[in-house]
Amino acid sequence: MPAPRGVFALLSCLLITVAAGSAGTPAWSGIPNVAWPASSGLLLAEVMTGGGSASDEFVEIANAGSVAADLAGTELVYVTASGATITRKAGFTAPLLLVPGQHLLVANSAGMYGPLADVTYTGGLAADGGAVALRGADGTVIDSLGWGTASNSYVEGTIAPAAPPNSSLERLPGGLNGNTQDTNDNEADWFVQPAPTPQSLASAPVPGSSSSPGSTASAADRQTTGQTESAIPTASTSITSGQTAQNSTPQTTGAATATPQVVATPTFTATPFTPAPTGESVEVLPIDSARALSIGAEVHVAGVATSEVGLAGDGIFALQDSSGGIFVRPPVGTEGIKPGDLVEVQGTLAAPYGQLEIRNLGRIEVGAVEKEPVASPASLADVGEATEGSLIMITGSVDSVQTDGGRLTIALSDGITSVRVLADPPAGILRTDVARGDVVDVIGVVGQHASATGRLDGYRLWPRDRTDLVVERPDQTDPPVSLPDPTETSVYYDLASALGMRGAEVDVEAVVTAQAGLANIAGPTIVVDDGSAALAVVLPTGAVAPGIGMRVRVTGKVGRWQGGPTILATRVESEGEMADVAPRSTAGPLDSSLEWQLVRVCGRVTAYTPAGSRWVLEIATAGHQILVLGEPATGISMSKSAVGRLAVVIGIVRRSSSDSSTFQLLPRVATDLRLGSAASTAAATTAGSARSSASGRVEGAQAIEIGSVSAYLGKSVIVTGLVLETAEGTATVDDGTGSVRVGGPDAADAISAMTPGDAVEVAGVVGRDAQGLLIDADPESIVDLPADGSAPGAGDSGTTLRLTDVTAGPATPVAPEALRREQPGAQVQLSGQAMLLLLIAIPLLALAAAVVAIGYWLLRRSRSRCREGH
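This is a predicted model, so every value here is computed, not measured. (Residues numbered from 1 in each chain as written. Predicted model: local features only at pLDDT ≥ 70, side-chain atom pairs only at ≥ 80, totals over all residues. Heavy atoms only, no water.)

## With respect to the overall build of the chain
And step 1. The helix and strand inventory of the chain stands at 6 helices and 47 strands.
And step 2. Across the 870 residues of the chain, 49% fall into the buried class.
And step 3. Long-range contacts, defined here as pairs at least 24 residues apart, represent 63% of the contacts in the chain between residues at least 6 apart.
And step 4. As displayed, the chain offers around 37700 Å² of accessible surface, 54% of which is attributable to carbon and sulfur atoms. (Helix = DSSP H or I, 4+ residues; strand = E, 2+ residues; numbered from the N terminus. Buried < 20%, exposed > 50% of the residue type's maximum accessible area, 1.4 Å probe, protein only. Contact = heavy atoms within 4.5 Å. Areas by Shrake-Rupley, 256 points an atom, 1.4 Å probe, with all protein chains shown as cover.)

Set out below in structure tokens:
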């Protein structure tokens, strides 16, 4: 008997140990090494699984090699976490070459990146776990990425983490250094990118493909021979590298004072091109002849640079000869090209958004001349395909001026034709430099951003600096510019001018600040902001709804809803760019001056009302009540536990659908609503309390509302609120009744650790400085309040939970061996691999126990029969 019991106990302990050890195995240890080698060519570059909506996702494919790579015969597939389902997201049957550093963008057609993508798909990628793979048609894997809870055979080595919403997974080294590292270990090769930047075939190669050795001359190695009276190359002009430059300093004049000089352009004659060591020679063509060739054709042109690299907010410059102009996209990192430089390039033609450019350069040679290029006079009607890429000067009257994401847009008109003049911050042109009604001369390069493939529209003028804009002031002696009579129908090119003009036509460029589904008015509706105002836009039937942050062009008519203005759009089209609109902070009541604006409020929740699938919060801020409406489309859950807690809410201001005199704040996504601690703990704490709170550290401190802080000059107070912003040595704290700065020399280190959104309790003496009221804080009194509203306990270091999202996110995966370290009630989640091993181990343990039990029973039965036999 002892022996069988010992055997049973030993086997049982052994099996339990094996099962426990299997369950505690790190997630990666059960994944075998993959069969495919690391790639030095085609690679997955960046993967995003969700942003403002679950459909805001994309996958980038890049060429990390030194030669062109063909995607023909490959496919991009998505694999579920378990590997049970594999779905093709893109297939490439025809030749599709990616030059070194070039990216291809594959995106969900329903998301914000769909309009930017080279290839789109339907259906989504699971944010918590899955894999994508680039493989051949025969299933041979070229590269793959597994993240989160994925346990399938497409995980390379150690699994990558799951990226949070609005972040992506990007391959190292990342950013401008490209995506080239592949060790077949997902965790080692990838990192979480908090600021995703999708790149497509229209983007510049990153890093740029290198040109032939010695083909790019530095600023110290440039010279031109046979210089002519203008900057346009002629038959006697040749460009060589490796010689010394004779550059002159361009002559400039002050903004809004110089009159542009226009001179005739001499003839251009093509010159032979010396074969590059690394490529085949292509005959030099006049630019107009090169423009007539098919997209993808190899071209070689020479001309004068009319802009620096970076015109039009992108890594391109303009090149012109006497026959026409064209844009050139040099390799990333190319610097020193300036207006007046003679440039020869050889590359392939491309037409992103209709704008013709030369990219994938096989060579680029630069020389210099003494004179800058001059602009050709043109009418507004001349701005089009014939002048694209050329430097021209136009004259017109300013219809509107607006800023959008830092970009300045001037609508210029002659009464018949209207042209957009666009300037990014590097141009240095300010909104105050020009006003509506001014007559201006503008020099710039003609560009295009077509609204759809094949359309010849979206032409605009890009001035290069402030000297390219000259305003005709009334006191000038020059005769006034004669403009044609205006047409009967006015078109407004900024939202502010169109407000209140019911039935007026609008043609504006703006940024989407709220997605469709949030505030629909008789159909899918978005909200846009162009820097001058914001309006709701009712989308035309069948239009694809753009996502938050997308720059769009909207045409339509001004309408009304609930007494407020809207736009009934006839066309809404993405411009393929992303921009950011910062919310406007307000502590006052919501009214018509804020209608459709993106605003931010801070206060304390005083009431919660469920309203079917919706809910309403009342937030007290600076003596006012703000109504916050939760729409089902946002997915934000709410309960009465929010009452008494501090809150920061970002959202769109809209009239109530039941009462047009009432305005509500509509958060758009879960991260727009943040809750802090519950009701102030300071009010219930006294100086003699055993708790280590702020009032226990500053003798005689009194808990007050921030709105009354001016009545406590020279006294010790305690305030509780949310950090709105931080500056050098100070932080602004708001509790809904008002805001005040806290800081002081002794508290500088503690203040530097604060971030906007933190819920804090601070004690100190109320005083004043040059900027107004300031609480000179005791650094020992600054406490981060926990999100559940409990006061910091004795000995608390002050490091507690930060503000939390309203919606509870998924639990963080932890290893089984860490379970015993978790506090009671802590939410944990086994990793997918550990759970799989545990599920396998339990049946094996049960089977082994059954075998031992049966053996033990048989042994006893045998011994019993032996006794009976005796």
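## Re the sheet that holds strand E4 (residues 74-80)
And step 1. Spatially, the 4 strands line up as an open sheet ordered E5-E4-E9-E10, and their pairing is antiparallel. On the outer flanks of this sheet lie strand E5 (86-92) and strand E10 (141-148), each paired with one strand and no other. Strand after strand, the sheet turns through a mean of 15 degrees between neighbouring axes, direction not considered. (Pairing = 2+ DSSP bridges. Axes fitted to C-alpha atoms, helices over the stretch in contact; angles between N-to-C directions.)

## Describing a nonpolar patch on the surface
And step 1. Taken together, Ile854, Trp857 and Leu858 make up a surface patch of nonpolar side chains, about 330 Å² in accessible area.
And step 2. You can see Leu858 is positioned in helix H6 (residues 832-869). (Patch = residues over 30% accessible without salt bridge, like charges linked within 9 Å, V, L, I, M, F, W, Y side chains within 5 Å. Salt bridge = Lys/Arg side-chain N within 4 Å of Asp/Glu carboxyl O.)

## Concerning the sheet that holds strand E19 (residues 357-366)
And step 1. Taken together, 5 strands build a closed barrel; the order of strands is E15-E16-E17-E19-E18 and the barrel is mixed. Mean inter-strand twist for the sheet, computed between neighbouring axes without regard to direction, equals 55 degrees.

## Side note on the pairing of strand E1 (residues 42-48)
And step 1. Along E1, 7 of the 7 residues are buried, which leaves the element largely enclosed by surrounding structure.
And step 2. Both E1 and strand E11 (residues 168-171) contribute to a ladder of 2 bridges, which runs antiparallel. Residue Glu46 lies in a different strand from E11, and its bridge partner there is Glu170.

## A few points about the packing of aromatic side chains
And step 1. Per the counting criterion, the structure on display carries 3 aromatic pairs.
And step 2. Ring geometry for Trp36 and Tyr154: centres 6.3 Å apart, planes at 35 degrees, overall tilted. One end of the pair, Trp36, is in the loop between helix H1 (2-23) and E1; the other, Tyr154, is in the loop between E10 and E11, and 118 residues separate them in sequence. Considered together, Trp36 and Tyr154 belong to a single accessibility category, that of buried residues. (Phe/Tyr/Trp six-rings, centres within 6.5 Å; stacked < 30°, edge-to-face > 60°.)

## Points about the nonpolar core
And step 1. In this structure, Val528, Val537, Val554, Val572 and Trp596 are the most contacted members of the largest nonpolar core, which totals 35 residues.
And step 2. Counting residues per element, the ones that place at least two in this core are helix H4 (495-498), strand E28 (505-514), strand E29 (525-529), strand E30 (534-538), strand E31 (550-561), strand E32 (564-578) and strand E37 (646-655).
And step 3. With near-sequence residues (within four places) excluded, Trp596 lies in contact with Ala519, Ile521, Val527, Ala534, Leu535, Ala536, Trp561, Pro565, Thr566, Ile652, Val653 and Arg654.
And step 4. Grouped together as the second largest cluster of nonpolar side chains are 24 residues, Tyr78, Leu125, Ala163 and Trp190 included. (Core = buried A, V, L, I, M, F, W, Y, C linked by side-chain atoms within 4.5 Å.)

## What about the pattern of salt bridges?
And step 1. Inspection of the entire model under this criterion finds 24 salt bridges.
And step 2. A salt bridge links Arg363 to Glu365, with the shortest nitrogen-to-oxygen separation between them at 2.3 Å.
And step 3. With relative accessibility at 6%, the residue Arg363 sits in the buried group.
And step 4. Three or more residues joined by partner-sharing salt bridges are found here, namely Arg420, Arg460, Asp507, Glu509, Arg553 and Glu575.

## As for the confidence of the model for the chain
And step 1. Averaged over the chain, the pLDDT score is 75; the fraction of residues at 70 or greater is 73%.
And step 2. This stretch, residues 679-697, has a pLDDT under 50; its non-local contacts, to residues over four places away or in other chains, come to 40 contacts. (pLDDT = per-residue confidence, 0-100.)

## Observations concerning the side chain of Gln355
And step 1. Inspection of the secondary structure puts Gln355 in the loop between strand E18 (342-350) and E19.
And step 2. Residue Gln355 is classed as buried on the basis of its relative accessible area of 8%.
And step 3. Excluding residues that lie within four positions of it along the chain, Gln355 makes contacts with Ile316, Phe327, Ala350, Glu388, Gly447 and Gln448.

## Remarks on the pairing of strand E7 (residues 103-108)
And step 1. Among the 6 residues in E7, 6 count as buried, and that is most of the element.
And step 2. Of the strand pairs in this sheet, strand E2 (residues 58-63) and E7 are connected by 5 bridges, and their pairing is antiparallel. Bridge assignment links Glu60 to a residue of E7, and that residue is Leu105.
And step 3. In this structure, E7 lies alongside strand E8 (residues 119-121), joined through 3 bridges in parallel fashion. Directly across from Ala107, in E8, lies its bridge partner Thr120.

## Some words on unusual backbone geometry
And step 1. Following Leu172, the chain continues into Pro173 via a peptide bond in cis, with omega recorded as 0 degrees.
And step 2. Looking at the element boundaries, Pro173 is found in the loop between E11 and helix H2 (186-189).
And step 3. The phi torsion at Asn184 lies on the positive side, around 60 degrees, for a residue other than glycine.
And step 4. Structurally, the position occupied by Asn184 is in the loop between E11 and H2.

## A few points about the environment of Met754
And step 1. One can find Met754 in the loop between helix H5 (748-752) and strand E44 (759-769).
And step 2. Met754 sits in the buried class, given a relative accessible area of 5%.
And step 3. When near neighbours in sequence (up to four residues on either side) are disregarded, Met754 contacts Val723, Thr726, Ala731, Val760, Val762 and Ile782.

## Considering the environment of Ile86
And step 1. Mapping Ile86 onto the fold places it in strand E5.
And step 2. Remark: the alpha-carbon pair of Ile86 and Ala133, spanning 47 residues in sequence, is separated by 9.9 Å.
And step 3. When sequence neighbours within four positions are dropped, the list of residues in contact with Ile86 reads Val77, Tyr78, Val79, Arg135 and Tyr154.

## Considering the environment of Asp465
And step 1. Residue placement: Asp465 occurs in the loop between strand E25 (459-462) and strand E26 (469-472).
And step 2. Here the alpha-carbon distance between Asp465 and Ala423, two residues 42 residues apart in the chain, equals 8.4 Å.
And step 3. The residues touching Asp465, leaving out its near neighbours within four places in the chain, are Ala427 and Ile429.
And step 4. For Asp465, the side chain forms a polar contact with the side chain of Thr467, separated by 2.4 Å. (Polar contact = N/O pair within 3.5 Å; in protein donor to acceptor, adjacent residues only side chain to side chain.)

## Let's talk about the side chain of Asn63
And step 1. Of note, Asn63 is situated in strand E2.
And step 2. With sequence-adjacent residues up to four places away left out, Asn63 is seen in contact with Gly41, Leu42, Ala68, Ala69, Leu98, Val99, Pro100, Gly101 and Gln102.

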